[in-house]
Every structure is written in structure tokens, then in C-alpha cells.
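# Fold and contact review
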Amino acid sequence: MQENLADSIRKTALQHGFERCHFSQPEMNAKHCSALDDWLEQGMQGDMAWMAEESRILRRQKPESMLQGVRTVISVAMRYSQPAYSLDEAAALQDHGVISSYAQGDDYHEVMKKRLKALARDLDALLGPHEQRVYVDTAPVLEHALAENAGLGWQGKHSLTLNRQLGSWFFLGELFTTAEIETDEKASFHCGSCTACIDVCPTRAIVAPFVVDARLCISYLTIEYKGFIAHHLRPLMGNRIYGCDDCQMVCPWNHETGTPDRDFLAPRGENCLPELASLLSLDDTAFRARFVKSPVKRLGRDCFVRNCCIAAGNSGNRALRALLWPLAQDASAVVRGHAIWALGRLSDSSDAADLLHVFSTMLATELDESVREELNTTIRTIKEKA
Ligand code: SF4
Ligand code: SF4
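Residues numbered from 1 in each chain as written. Chains lettered and ligands numbered in written order. Predicted model: local features only at pLDDT ≥ 70, side-chain atom pairs only at ≥ 80, totals over all residues. Heavy atoms only, no water.

### As for the domain arrangement of the protein chain
Taken as a whole, the protein chain is organised into domain 1 (5-81 + 106-177) and domain 2 (276-386). The C-alpha centroid of domain 2 is placed 39 Å from the C-alpha centroid of domain 1. Carbon and sulfur atoms supply 47% of the area buried between domain 1 and domain 2, which totals about 330 Å² over both sides. Per-residue buried area on domain 1 facing domain 2 is highest for Asp106, Asp107 and His109; these three make up 86% of the total on that side. The interface formed by domain 1 and domain 2 contains two salt bridges. The shortest N-O distance in the salt bridge between arginine 298 and glutamate 110 comes to 3.8 Å. At the junction of domain 1 and domain 2, the tally comes to three residue pairs in polar contact (both at pLDDT 80 or more). Looking at the side of domain 1 that touches domain 2, its residues break down into no nonpolar, one polar and three charged. (Domains from an automatic or database assignment. Buried area = accessible area lost by both parts, 1.4 Å probe. Salt bridge = Lys/Arg side-chain N within 4 Å of Asp/Glu carboxyl O. Polar contact = N/O pair within 3.5 Å; in protein donor to acceptor, adjacent residues only side chain to side chain. Nonpolar A, V, L, I, M, F, W, Y, C, P; charged D, E, K, R; others polar.)

Dropping the structure here:
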């Protein structure tokens, strides 16, 4: 039997390293659009103001505004390794930081884009004259909704896309084309009555099924948010220093999904539960070298060290104070503020008097309003503890 066009493209996508390739019409469901509108209306995007820009909303709702004459959206999935440890194992290693599994290897934006572009070149031969565009998590594209329409997977209650065989450990990419290709059936929903992801979330960020309030989500706080993290959320962050995998790790669809048998996107050993002591002393040059070609590098040294200060404060390991003291004098206000908080959290009756003296002295010269607030709050907390 002759292979149809969709099957030929699917086969080509697999050759380029994608585990799934599905097709849908360029239409957004009213359900997905109104869910996003509600989410934005409630301000759940936090500081990601760009998400609420009118032009972006329109482009997300109308795929044809991304490519005039688009007739088919090709959604592809590329797997990454699931964590090599359990939630309990990661939590027990308190003076090690947890980097989200997807970020332990090379930057997926680069890897996916290169492979999607190679797929696009092959499509030119398969499809004949047509226009196409590729997207990987950067353009205003509702990728989870498109993946659902294309039958690649359904949206889980943690808001990520789930596939029956792959679980949720994969990246999504899209290729818009003006060519007409036979589409797949929409994915059906398989969460049932499960609420494991909602129940495990350390900050209760999944405020309702399918609704993640980014302002509470550790992934957003550690990666997207650049400021001073709210005091009540810091203890709940534990040792997570870049992203959070908890809601994926408890998902029954993620058990026994295995590890991709290939080199690209493989986790780097040094990014699997690294010691906080090795990260707290990174200056900008050392940080860039340590995370070369890694998605972590996009965060920048200051916010990364900020996250490590929170983890150090939560570690209970008083030996880390030696590394926190220089950070309390750091050129970056966000680093200074979080180092001061961590020192206060690690203090006990043996050093309370010293800390009160040093922090009061620092108050006399500190000019940054947010750091002054950290100093005042920490002084108050130490006094209450004493
Ligand atoms: S990533 Fe972490 S903080 Fe965010 S919703 Fe999932 S479990 Fe909660
Ligand atoms: S943990 Fe349960 S509710 Fe959450 S996404 Fe997985 S199956 Fe769905």
C-alpha cells in the first residue's frame, strides 16, 4: 500500500529525532482561548507582562496571523530524560540544589530549532511549493492546545501535555505550513479523578484543575521572576534552584516512561543535584562557563545565585554561612537581600548577637530599599527567635 503524505512526514520527523509528529487544522478552540483570557484577567501571569499584550493575544488565538494561508499545523514532541532520583531522594539532599530535569542538558531551544529546521528542509521536497514557519516556545503559539487538537496528547491537570506512552517528559515544537495534510483526531482526556499533581504542589500553585497560578509556581519564581521572592514562599521552595518537577514526578502517566536512548539533550552529570557549596561562589564569568550552552545560562548569575541562597537558607547546613557572608555584600541587590535572609534563617542562639550587630551596622550604609527591608525583617525575626 502506498504511504500517505502524513505518514511520510511522520517517518521523516522520527529520523530527525522527534518521537511524535501529529497534524491539526490551524484553529483554536474557544475553550483554550477563554481559559487563557481568564488566567490573564486574574493576573496569574505575574511579571510576564508580554503574555497579556493585545497583539500577542490575537496572534495566539489566530494561527493564520503567524503565517498567512496556513492550512496545517505540525506538532512534534522530543523527549528528555526524567529525573534520575525520586522526590524523597532529592528532598533529603538538602545541601544540594535541584535543577529541573529538562534543564540538566543542552539548551533545548537550540537543539529543537536546529532539528525542526532540518525537518522543514525535507518537507520542501515532500510537499512541493509551500510556505512554512517553525516555532519552539518563543512565539505566541498555544502549543499545548495545538498538540491536543493534533492528537499528540491531552492537557493534564498540571497544565502540561500528556501522552499515553511518553508521559509529559517532552518538549513541543510546531511547524506551520500552507500545505494541506490529513489531520489527526483530537486527543482524549485520561486524567480521570486523579489529583496527584494538585496535591503534591509545594506552593499550592495549581489553584484548580488546569490552572497554574504562575505567581506561586516555583518554575516561574526560579526562572522567570527576577525580583525579591515573597518571604512566605521561600521555605516552600526547599532546594529547588531552577524549575520544579514535582507535579510531573508524581503523575501516574510518567512512571516507567524510560530514558531516551540518544546523545542530544542528555543530562549532564554535574547538573544532577549539584552541591550548593559549588554554586554559591560563582561570579558572572564562572557562572557562564559552568552553564555554557545550558538553558540555566539564560537566567543570569544574579537570579541563579538568589535561588541558591534560598536553598542554602532552607538547607539547615550552617557550614554554608561562610559562603553566604560575602554574598550579603554582593554588588547585586537581589543577591544581597536573599543572602541576608538565608543567614538569618540559619542563625541560632550562638550567633544571634553577632548577626544583630552586623545587620544593624549594614543598615546604616545600605541604600537599596528592598535590601533595607530584608535587613529589618531579618533583624526582627532573629530577635523573635532569641
Ligand atoms: S512546577 Fe512545582 S510549583 Fe509549579 S505547579 Fe508544578 S509542582 Fe507546583
Ligand atoms: S498527576 Fe493525575 S491529574 Fe495530574 S496530570 Fe497526571 S494524571 Fe492528570
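### Looking at the site of ligand 1
Around ligand 1 lies a shell formed by Cys201, Pro202, Thr203, Ile206, Cys217, Ile218, Ser219, Cys244, Asp246 and Cys247. Of all the elements in the fold, those that place two or more residues in the shell around ligand 1 are helix H8 (218-224) and helix H9 (246-249). Residues of the shell around ligand 1, tallied by class, amount to seven nonpolar, two polar and one charged. (Near = heavy atom within 4 Å. Helix = DSSP H or I, 4+ residues; strand = E, 2+ residues; numbered from the N terminus.)

### With respect to the environment of leucine 142
Within the secondary structure, leucine 142 is located in the loop between strand S4 (132-135) and helix H6 (143-149). Owing to a relative accessible area of 16%, leucine 142 belongs among the buried residues under this scheme. In this view, leucine 142 contacts Met28, His32, Leu36 and Arg60; residues no more than four positions away in its chain are not counted. (Buried < 20%, exposed > 50% of the residue type's maximum accessible area, 1.4 Å probe, protein only. Contact = heavy atoms within 4.5 Å.)

### A few points about the pattern of salt bridges
For side chains of opposite charge, pairing can occur when their charged atoms come near one another. Under the defined criterion, the tally for this structure stands at 18 salt bridges. Where arginine 262 meets glutamate 19, a salt bridge forms, and the shortest distance between an N and an O atom there is 2.9 Å. Within this pair, whereas arginine 262 is found in the loop between H9 and helix H10 (277-280), its partner glutamate 19 is found in the loop between helix H1 (5-15) and strand S1 (20-24), the two being separated by 243 residues in sequence. Taken as a pair, arginine 262 and glutamate 19 share a single burial class, namely buried.

### Describing the sheet that holds S1
The strand order across the open sheet built from four strands is S1-S2-S7-S4, with neighbouring strands paired in antiparallel fashion. Two strands lie at the open edges of the sheet, namely S1 and S4, each paired on one side alone. Each adjacent strand pair in this sheet contributes to an overall mean axis angle of 20°, direction not counted. When strand S2 (residues 72-79) meets strand S7 (residues 170-177), the two strands line up antiparallel, connected through eight bridges. Bridging from a neighbouring strand, valine 76 pairs with glycine 173 of S7. Lying on the sheet, H1 is in contact with S1 and S2; it crosses S1 at an angle near 145°. (Pairing = 2+ DSSP bridges. Axes fitted to C-alpha atoms, helices over the stretch in contact; angles between N-to-C directions.)

### Some remarks on the site of ligand 2
Taken together, Gly156, Lys157, His158, Leu162, Cys191, Cys194, Ala196, Cys197, Cys251, Pro252 and Trp253 form the complete shell of residues around ligand 2. Split by residue class, the shell around ligand 2 holds eight nonpolar, two polar and one charged.

### Considering helix H12 (residues 301-315)
Helix length check: H12 (15 residues) gives 20 Å between terminal C-alpha atoms against 21 Å at 1.5 Å per residue, within 8%. Of the residues one or two after H12, glycine 316 is the one with positive phi, at around 75°. (Expected span 1.5 Å × (residues − 1).)

### Thoughts on the packing of helix H14 (residues 333-346) against helix H16 (residues 369-385)
Here H14 crosses H16 at 0°, and the two axes come no closer than 9 Å. By the angle class used here, H14 and H16 are roughly parallel. When H14 is examined against H16, the residues Ala333, Arg336, Gly337, Ile340, Trp341, Gly344 and Arg345 are found in contact with a partner set consisting of Val371, Glu374, Leu375, Thr378, Ile382 and Lys385. Tallied by class, the residues present in the contact of H14 with H16 amount to six nonpolar, three polar and four charged. (Parallel < 35°, antiparallel > 145°, perpendicular 65-115°, else oblique.)

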